[in-house]
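What follows is the residue order along each chain.
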Amino acid sequence: MSLHSNPTAHPAAELVQAAKRYGDVVALDGVDLAVRPGEVVALLGPNGAGKTTAVSLLLGLLAPDGGQAQLFGQNPRSPAARMRAGAMLQVSKVPDTLTVAEHLTLFASYYPAPLPVAEAVALAGLEGLERRHYGKLSGGQKQRLIFALALIGDPDLLFLDEPTVGLDVASRRTLWERIRELVQRGRTVLLTTHYLEEAEALADRIVVIDRGRIIAEGTPSEIEARAGSRRVRCRTRVEVGEVLALDGVVRAERRGDEIEVLATAAEPVVRHLLAHDPHLARLEVRGAGLEEAFLTLTRHDDDSNQEAA
Amino acid sequence: MNAATSTTATTAAHDHGANTPVPRRNLLRLYALEAKMECLKLLRVPAFAVPSIAFPWVFYCLFGLTFGKGSVGSTTMATYLLASYGAFGVIGVSLFGFGVGVATERGQGWMLLKRATPMPPGAYFTAKTALAVVFSTVILSGLFALGAFAGGVVMETWQWVSLAGVLLTGAVPFCALGLALGYVSGPNSAPAVVNLIYLPMSFASGLWIPIQALPGWVQAVAPWLPPYHLNQLAVGILGVEMQMAAWQHVGALVLSTVIGLALARFAYVRDRGKTYG
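Residues numbered from 1 in each chain as written. Chains lettered and ligands numbered in written order. Predicted model: local features only at pLDDT ≥ 70, side-chain atom pairs only at ≥ 80, totals over all residues.

**Focus: the overall build of chain A**
And step 1. Secondary structure summary: chain A contains 11 helices and 13 strands in total.
And step 2. With 309 residues in all, chain A has 45% of them scored as buried.
And step 3. Taking all contacts inside chain A whose residues are at least 6 apart in sequence as the whole, residues at least 24 apart take part in 67%. (Helix = DSSP H or I, 4+ residues; strand = E, 2+ residues; numbered from the N terminus. Buried ≥ 20, exposed ≤ 12 C-beta atoms within 10 Å, placed from the backbone. Contact = placed C-beta atoms within 7 Å.)

**Quick look at the environment of Leu-98 of chain A**
And step 1. Secondary-structure assignment places Leu-98 of chain A in the loop between β5 (85–88) and α2 (100–108).
And step 2. Residue class for Leu-98 of chain A comes out buried when judged on the 20 C-beta atoms lying within 10 Å of it.
And step 3. In this structure the C-alpha to C-alpha distance between Leu-98 of chain A and Arg-255 of chain A, which are 157 residues apart in sequence, comes to 59 Å.
And step 4. Apart from the residues lying within four places of it in its own chain, the contact partners of Leu-98 of chain A are His-103, His-133 and Tyr-134 of chain A together with Met-37, Leu-40 and Lys-41 of chain B.

**Description of the sheet that holds β5 of chain A**
Residues and elements named next belong to chain A.
And step 1. Taken together, the 6 strands give an open sheet; going across it, the order is β5-β6-β7-β3-β8-β9, and neighbouring strands pair in mixed fashion. What marks the edges here is a single partner per strand, and that holds for β5 and β9 (213–218). Sheet twist, expressed as the average angle between the axes of neighbouring strands with direction ignored, equals 15 degrees.
And step 2. Sheet analysis places strand β8 (residues 205–210) next to β9, joined by 5 bridges and oriented antiparallel. The residue bridging Ile-209 from the neighbouring strand is Ile-214, located in β9. (Pairing = 2+ DSSP bridges. Axes fitted to C-alpha atoms, helices over the stretch in contact; angles between N-to-C directions.)

**Topic: the sheet that holds strand β4 (residues 66–71) of chain A**
Residue and element names in this part refer to chain A.
And step 1. The strand order across the open sheet built from 3 strands is β2-β1-β4, with neighbouring strands paired in antiparallel fashion. The open sheet terminates on both sides in strands that have one partner only, identified here as β2 (25–35) and β4. Here the average twist between neighbouring strands, direction ignored, is 25 degrees.
And step 2. Here strand β1 (residues 13–22) pairs with β2 via 8 bridges, running antiparallel. Its bridge partner being in β2, Tyr-22 is matched across the sheet by Val-25.
And step 3. Those strands touched by helix α1 (residues 51–58) are β1, β2 and β4, and its axis lies near 120 degrees from that of β1.

**Focus: the confidence of the model for chain A**
One rule of thumb: low pLDDT means the predicted coordinates there are not for detailed reading.
All names here are of chain A.
And step 1. Chain-level pLDDT for chain A is 86 on average; 88% of the residues reach the 70-or-more range.
And step 2. Helix α11 (residues 304–308) is the least confidently modelled element of chain A, averaging 37 in pLDDT, while α2 averages 97, the highest of any element.
And step 3. The low-confidence segment residues 1–6 (pLDDT under 50) makes 8 contacts with residues lying over four places distant or belonging to another chain.
And step 4. Confidence drops under pLDDT 50 across residues 301–309; counting only partners more than four residues distant or on other chains, this segment forms 3 contacts. (pLDDT = per-residue confidence, 0-100.)

**A few points about the interface of chain B and chain A**
And step 1. Taken residue by residue, the interface counts 35 residues in chain B and 37 residues in chain A.
And step 2. Looking at the side of chain B that touches chain A, the elements that each hand over two or more residues are α1 (2–5), α2 (27–43) and α5 (110–115) of chain B.
And step 3. Of all the elements, α2 of chain B adds the most residues to the side of chain B that touches chain A, at 7 residues.
And step 4. Classifying every residue of the side of chain B that touches chain A gives 17 nonpolar, 10 polar and 8 charged. (Nonpolar A, V, L, I, M, F, W, Y, C, P; charged D, E, K, R; others polar.)

Okay, here's the thing in structure tokens:
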């Protein structure tokens, strides 16, 4: 971890107070994000959180309404700034009637020092399919060609926008393996995903984004701690407000005659509850996974009522 | 393909060291490849390649050769319709290549993927223009051969050359209009939209049947349609009297180009940030 995050290095990609709106919809609301060389950052959030907008700003596909987007210290709107980047975007399909090798040859010509086509083919696991038309590839193979197109320029920074959406489990694992290989070769990666498992499997830093704002940031274990990693449940008369005041409590909720508490550590909560309620019953302590942490972090106040009901 | 793999790629990927000169991409090769792939891509789509190349030939055989002995103004039907179906063919590939091409590639996300690369934006549009020129050249070569060998068309050398030149240059306004259609229409509706504009517009402009033979009200509408002006310039080379001054026909085509580009730009800006690229 510490190997990767060299704070003095110039960020490979950076958003500074970036804002973007589509009509009345605010997609990004003052986002700060820096991806340092060698880092694998996952931008994690539910659909519509602003992940793709963030990537679009960094690739110069959109211009920010406020703040700044920089790619290797340059404005990404200029093609020159994109020479050292490669991107795998959502809903990318390429023309059916060109072959794998033709697609790669064409994209290779956009870059000053591209990989040989054969090397990109090998990195993406497309050996033997070079002469096949894109339209004749399977779903997983198609996605791997899009991946190869992102690699062909031999980029220092790779953008992967929801790279495994729509893939079956096996294809997803294969693509993860390919991405890990690249990371081992020192590539910087900015990954967006709404699969927590994917962020955990690939990233060394997770940035949680929701409704256009960054709401948490850290290593997977820090994110867990931040959101509370222990869940305490019991039947008690102790008031929720009282529990909320305890150290390390992230969330407390009453569900009928039971309360549920999410906290960084269970012991202080349990100690307090037992001391204050001799009739306490059905005590249960569970580890809350990252999945739960993510749900907690991205839960909106306006839907908490439904959940309690 | 082999040419591509033998480029200056450094296998030791990430040490663009200080002693190695900064590699530069070959722009000429980039533009040429973009054009080559554009042509390959569509040559392999029979639904595009066959109608756009063969329809002008078939129509010319049906109307130009069958009624070839008839006269239009100072020339034969076979000669007159050679120019008209030439215009018909050039306009078709320009409108379809740009209109359907841009709409489809926006829908696929291919255009967005390309915009995320350092591809010069001009390469994409140059390639589509090259496609229009290549396909037009094939169409015109076939038509000219049919005219000369089967239709008894006799012209001075300068007339053959000028006719080809005017028709190929005449692709420009239709590329611009096609571009606008490509940004205005959705990927699925684009082929229908282009056909609904292309076919009636060609007919009413006198590309199928000489304009003089059309009903009066159609003749009144024709000057508002860009193909009419290209056709007039083309038949003018054959010695047929144009219905307006040459500069007026040229001006109308220039105006069409400007309107097409402005509309394309407007639709492109409006579309930004929406689903398509």
